[in-house]
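Residues per chain are reported as follows:
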Amino acid sequence: MKPRSMLFAKKRMPRWILTLVLLSGLTVAGCGGGQDWQTKDISRLMPELQFTLTDEHGREVTADAYEGKAVLMFFGFTHCPDVCPATMARIAGWLGQLPEADRERIRVLFVSVDPDRDDAERLRSYTAHFHEAITGLTGTQEQLRRLSKRYRVTYGYGDKDENGDYDVSHSAGIYGFAANGEARVLIRQSDDREAVLADLERLAKTVD
Amino acid sequence: MYGVSQTQFDYFSQYVFFIHRIQHLALHHVAAMLLVLANPLPVLAQGAPAWLRDNLITPVWRSGPVRGAYGAVQQPVVAAFLFVGLIYLWLTPSIHFDAMLSGWLYSIMNWSMALDGLLFWWLVLNPYPPDPAQHRIGYGKRCIVVAVVAFPQIVLGAYIFFYGTGVYEYYEVCGSPWPIDTDTDRMLGGLITWIPSAMMSVLGLLIVLSQMFRQEKREAERMGRDAAASGSTA
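Given the structure is predicted, the values throughout are model-derived calculations rather than measurements.

Trainee: How do you make sense of the interface of chain B and chain A when you look at a structure like this?
Mentor: In many reports, interface size means the accessible area that the parts give up when they come together. Contacts between the two partners involve 35 residues from chain B and, on the opposite side, 33 residues from chain A. It is B:D98, B:L101 and B:V173 in chain B that bury the most area against chain A; as a group they hold 21% of the surface buried on that side. The tally of links from chain B across to chain A stands at two salt bridges. B:D98 is the partner of A:K40 in a salt bridge, and the nearest nitrogen-oxygen pair spans 2.3 Å.

Structure follows, in structure tokens:
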């Protein structure tokens, strides 16, 4: 019996190796994502838009309020010296280059992760400075942690200086959601304008 | 394994590259090696309910596909390839980006590292003497396997340390739990991939050698006893 089972094991082995190789190949292929989006495709990687926050008018708002619109979401804080204003200006620039019909189909959510300093009034004046399609949101630490965890980003606070100011480390990506709330793209700082505009137009097309 | 995957350590691992590398060092190297050295399987098997052991664990373990798969991954070349291949796979920039973004892919990544770590160190540090029928390779092969896997890790770690600027873009996108320079983070991650990982191979090699010497000593004692017994019979 023993020699036969050894022989059996030896004959089967290459098939198992082949299966393993094929499976790992399929896994890698499956992780590749689609090629249609020109920035980072996150269709199969991230969950649909969902949150409960407070908007720049002090009203509690959920993701349902933006159903039927393509949504861009960015995490930041209004005291941010560089990344946030630069990103807001870039977004405003992109929106200005889109056809009006597409522009009206897109809403931009600026989620402040610094609720201690960013109240509704400050958020309102900050977003108004960049573009009317941008809405400022913030929330309790619990709400913000839940949302940032959902999109696998984080934030943290540096030490206060003598004026009580402090740095906030936050994500630099812009999440793009289709009109039905499904995650579609992650726009990085390194993505070029043409790629972003093509994806924004495509996102806008998800609106009926 | 619990400490790096089920506590707040995992939170930091998701956003800081060098902590992610420590997490994988623990899952794939240190914890897996310690678990294998503790050899808990016989105790667990004895402790399992008899009905579970007789009706599920033993039949499944002895079934053709499971034995075949186990035999395949315990082939020295396959085991070394898997061990290094998984490190390279999950550190491929595009795949790493996806794995860190996606909850389910992140789980697959960490599970694969932990399971492969156990299988690899089980092959290398198996406490039982070599036996090809049980896929237990000789001590010489164990030494070669554990030494060979060190070099690709050294190369990869050094590459990340010296040339990895901007390679792992995820950490520039995801934010961090405290203000940390992404380049410092990347260099620390490279060092962890480079030095402690290679040191684990040296440690593994020393353990294999000590196992081999102990086994040789046991064999010599047994032969001595046999000779004494046959002498006294004569």
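Okay, back to it.
Trainee: Hey, could you run me through the sheet that holds strand β1 (residues 40–41) of chain A in this one?
Mentor: By definition, the strands of a sheet pair up through backbone hydrogen bonds, in either a parallel or an antiparallel sense. All names here are of chain A. Spatially, eight strands are ordered β1-β10-β9-β4-β5-β6-β2-β3 in an open sheet, and the strand pairing comes out mixed. Across the chains shown, the open sheet's two edge strands, defined by having one partner strand only, are β1 and β3 (60–62). Helix α2 (residues 83–97) contacts β4 (70–76), β5 (106–112), β6 (134–138), β9 (174–177) and β10 (183–187) of the sheet and is inclined by roughly 165 degrees relative to β4. Here helix α6 (residues 193–204) sits on the sheet and contacts β4, β5, β9 and β10; the angle it forms with β10, its principal contact strand, is near 160 degrees.

Trainee: Sorry if this is basic, but what is going on with helix α7 (residues 76–91) of chain B here?
Mentor: Since there are 3.6 residues in each turn of an α-helix, residues three or four apart along the chain are aligned in direction. Residues and elements named next belong to chain B. Taking 1.5 Å as the rise per residue, α7 with 16 residues should run 22 Å; its terminal C-alpha atoms sit 23 Å apart, in good agreement. The largest bend in α7 is about 25 degrees, located at G85. Listed in full, the buried residues belonging to α7 are P76, V78, A79, A80, F83, V84, L86, I87, W90 and L91.

Trainee: Teacher, can you tell me more about empty space enclosed by the protein here?
Mentor: Over the atoms a probe the size of a water molecule is rolled, and this reveals where empty space is left. All names here are of chain B. Taken as a whole, this structure holds one cavity of 30 Å³ or more when the rule is applied. Roughly 50 Å³ of volume is contained in the largest cavity. Around the largest cavity, the lining residues are R21, H24, L25, H28, H29, I87, M113, Q153, I192, T193 and S197. Secondary structure elements with two or more residues in the lining of the largest cavity: α3 (17–38) and α13 (182–233). Ranked by residues supplied to the lining of the largest cavity, first place goes to α3 with five residues. Here the residues of the lining of the largest cavity are counted per class, giving four nonpolar, six polar and one charged.

Trainee: Looking at this structure, I do not really get the pattern of salt bridges. What am I missing?
Mentor: Side-chain pairs of opposite charge can arise where the charged atoms are in close proximity. Residue and element names in this part refer to chain A. The final tally for this structure, using the stated rule, is 16 salt bridges over all chains. Across the salt bridge formed by R188 and D191, the nearest N and O atoms sit 3.1 Å from each other. D191 carries the same exposure label as R188, and that label is buried. Note on R188: relative accessible area 15%, which makes it buried. It is possible to trace a salt-bridge network through shared partners that takes in D102, R105 and K205.

The rules behind the values
Throughout, residues of each chain are indexed from 1 in the direction in which the sequence is written. As they are written, the chains are lettered A onward and the ligands numbered 1 onward, keeping that order. Local features are withheld for residues below a pLDDT of 70 in this predicted model, meaning they are given only at 70 or higher, and side-chain atom pairs are given and counted only at 80 or more; totals for whole chains, interfaces and linings count all residues. To get the side-chain values, all heavy atoms of the structure are used, and hydrogens and water are removed first. Between two residues, a contact is recorded if the distance between any of their heavy atoms is within 4.5 Å. Buried area, as used here, totals the accessible surface that two parts lose on assembly, with accessibility defined by a 1.4 Å probe and the loss added over both. Basic side-chain nitrogens of Lys or Arg form a salt bridge, by our definition, when they fall within 4 Å of a carboxyl oxygen of Asp or Glu. Whether two strands pair comes down to DSSP finding at least two bridges between them. Counting from the N terminus, the helices are the DSSP runs of H or I reaching at least four residues and the strands are the DSSP runs of E reaching at least two. Fitted lines through C-alpha atoms give the axes, limited to the stretch in contact for helices. The angle between two N-to-C directions lies from 0 to 180 degrees. One less than the residue count of a helix, multiplied by 1.5 Å, gives the span that helix is expected to have. Given a residue, its bend is the angle between the two axes fitted to the seven residues that end at it and to the seven that start from it. Buried residues are those whose accessible area, probed at 1.4 Å on protein chains only, stays under 20% of the maximum for their type, while exposed residues exceed 50% and partly exposed ones sit between those limits. Lining residues are defined by having an atom within 4 Å of a point belonging to a cavity or pocket. Those points lie on a 1 Å grid over the protein atoms alone, cavities being sets where a 1.4 Å probe fits but cannot get out and pockets being open sets with protein on both sides within 12 Å along at least five of seven lines. Grid points are joined across faces, edges and corners, and a volume is the space filled by probe spheres set on the points. Three residue categories are used. Nonpolar comprises Ala, Val, Leu, Ile, Met, Phe, Trp, Tyr, Cys and Pro, charged comprises Asp, Glu, Lys and Arg, and polar comprises the others, including Gly.

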